[in-house]
Amino acid sequence: MKPIYLDHCSTTPIDPSVLDAMLPFLRESFGNPGTPHELVGGVVQRAVREAREAVAELINCRANELVWTSGATESNNLAILGLAESVPPAKRHVITQVTEHSSVLEPCRYLQERGWAVTYLPVDCFGQINVDELTEAINDATAIVSVMWGNNEIGTLQPVKEIAAVCAGRGVAFHCDAAQAGGKVPIDVEDVAVSMLTLSAHKFYGPKGVGALFIRDLTKKTPLSARVFGGGQEKGVRAGTLNVPCIVGMGAASSLASSNIDAWSRHTHHLRRHFEAALFERLKDISVNGSQHDRLPHISNIAFFDTENEGLLTMLHELVASTGSACHVADFAPSHVLEALSLSRPTVDCSLRFGFGKDNTTEEVALAADLTVAAVNRYRAEA
Ligand code: PMP
């Protein structure tokens, strides 16, 4: 039996229509966008332009405000380090928060090691930062604030609209990692005044290894220094021959998401509600980690007290869930996100993350709940 896939926060299966859109660019339309011949370079240039327009539509920006990258990790690094490189020495302060993804925290640590001041804002027990604390943390040296849209382990949404307003008012750049929110909840960069925003295609049914960074007013003199130097592609911000098949895939995935985002959001929210209700009805001593309300629709992180998550996962081989972020290679440290909620170590160690997707069915999720209940009961009986 194929396991029930409930790990859509780690990655999503590529949609068949996205793969179909990509295939011609791995076969006959293999050209380099830089090749001047219309039937070689022209064809792929047009495809890249259309993909850029599709991603722009997803977040309501202009197509020329997007830079292609290899994914959210690179977009986050480019945003933080690219801006850091370009600001004067008097502006060496960055503000972030403790439950960010490692691809935000590590560039911040890198800056800290090189003499930057870094403020790591704490979160409350739901995983949200306090906007007043952020406002107080901003000073004359602050160059950048980096706070995510929605968390990849617990789903908690940050008050991004207020954060954007504070940053705009103080003239500070606001970068937002929307890797987990993009294609899942509506994002409108006209409504939420971010300076930069990170997207990754494989989180919304596109291919792995491609992402984008929105940079407001990129066409005007951009303050961002390149991290990858070479042939000057992407307005000199990110050099290298474009990964055309994956870019086309990201465009197709963005169009699909733009048309279906409300339906997908309703569907995953419905699945999660039923899953959590089934567990809470039949199991004692469990709780949801993070915010129950301000939460991305597809994520559920649950503590099953008196169990241990690695052991539970081994018992649950019929389904794919996780103990936290899949982005750490061979890292068995407890989740820094759950620890930031001030949960006790036993609570962190008995928590599992479930991520629902557009193609999960109600029946699958009901079966997943049955399997989880049985595994928790067995674990507790054997303990
Ligand atoms: N940020 C967040 C919030 C994520 O969830 C992830 C992927 N887990 C990343 C960044 C890194 O994304 P990518 O795999 O595209 O590098």
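Everything quoted here is computed from the prediction, not taken from an experiment. Throughout, residues of each chain are indexed from 1 in the direction in which the sequence is written. Note on the predicted model: pLDDT of at least 70 is required for a residue's local features to be given, and 80 or more for side-chain atom pairs to be given and counted; whole-chain, interface and lining totals, by contrast, use all residues. Think of the side-chain values as coming from all heavy atoms in the structure, minus any hydrogens and water.

Points about the sheet that holds strand β12 (residues 351-355)
Note on pairing: two strands pair once DSSP finds at least 2 bridges between them. Helix and strand assignments follow DSSP, with helices taken as H or I runs no shorter than four residues and strands as E runs no shorter than two, numbered in order from the N terminus. Across the sheet, three strands lie side by side as β9-β10-β12; this open sheet has antiparallel pairing. Whereas interior strands pair on both sides, the edge strands pair on one side only; in this sheet they are β9 (286-288) and β12. Neighbouring strand axes in the sheet, compared pairwise and without regard to direction, differ in orientation by 25° on average. Of the pairings in the sheet, the one linking β9 to strand β10 (residues 299-304) comprises three bridges and is antiparallel in character. Its bridge partner lying in β10, I286 is registered against F304. Residue contacts are defined here by distance: any two heavy atoms, one from each residue, within 4.5 Å place the two residues in contact. Every angle, taken between N-to-C directions, lies between 0 and 180 degrees, and every axis is a line fitted to C-alpha atoms, over only the stretch in contact when it is a helix. Seen against the sheet, helix α7 (residues 244-282) touches β9, β10 and β12 and runs at an angle of roughly 10° to β10.

Things to note about empty space enclosed by the protein
In this analysis, the protein atoms alone were mapped onto a 1 Å grid. Cavities are point sets where a 1.4 Å probe fits without being able to get out; pockets are open sets with protein on both sides within 12 Å along at least five of seven lines; lining residues have an atom within 4 Å of a point. Grid points are joined across faces, edges and corners, and a volume is the space filled by probe spheres set on the points. Applying the stated criterion across every chain yields a total of two cavities of 30 Å³ or more. One number sums up the size of the largest cavity: a volume of about 60 Å³. Lining the largest cavity, in full, are G183, K184, Y205, W264, S265, T268, P297, H298, F356 and K358. Residue composition of the lining of the largest cavity, by class: four nonpolar, four polar and two charged. Summarising the domain contributions, the lining of the largest cavity has at least three residues from each of domain 1 (4-11 + 260-382) and domain 2 (16-256). Any residue outside Ala, Val, Leu, Ile, Met, Phe, Trp, Tyr, Cys, Pro, Asp, Glu, Lys and Arg is labelled polar, Gly included; the first ten of those are nonpolar and the last four are charged. Where each domain starts and ends comes from a domain assignment, either automatic or drawn from a database.

Re the domain arrangement of the protein chain
As assigned here, the protein chain comprises domain 1 (4-11 + 260-382) and domain 2 (16-256). Using only C-alpha atoms to locate each centre, domain 1 and domain 2 end up separated by 28 Å. Contacts between the two partners involve 32 residues from domain 1 and, on the opposite side, 31 residues from domain 2. Across the interface of domain 1 and domain 2, roughly 2700 Å² is buried in total on both sides, 58% from carbon and sulfur atoms. When two components associate, each loses some accessible surface as probed by a 1.4 Å sphere; the sum of these losses over both components is called the buried area. By the criterion of area lost to domain 2, the three top residues of domain 1 are I261, L296 and V337, representing 20% of everything that side buries. Salt bridges, as used here, are contacts in which a Lys or Arg side-chain nitrogen is within 4 Å of a carboxyl oxygen on Asp or Glu. In this assembly, domain 1 and domain 2 are joined by zero salt bridges. Where the side of domain 1 that touches domain 2 is concerned, the elements lending two or more residues are α7, β10 and α9 (336-340). It is α7 that contributes the most residues to the side of domain 1 that touches domain 2, five residues altogether.

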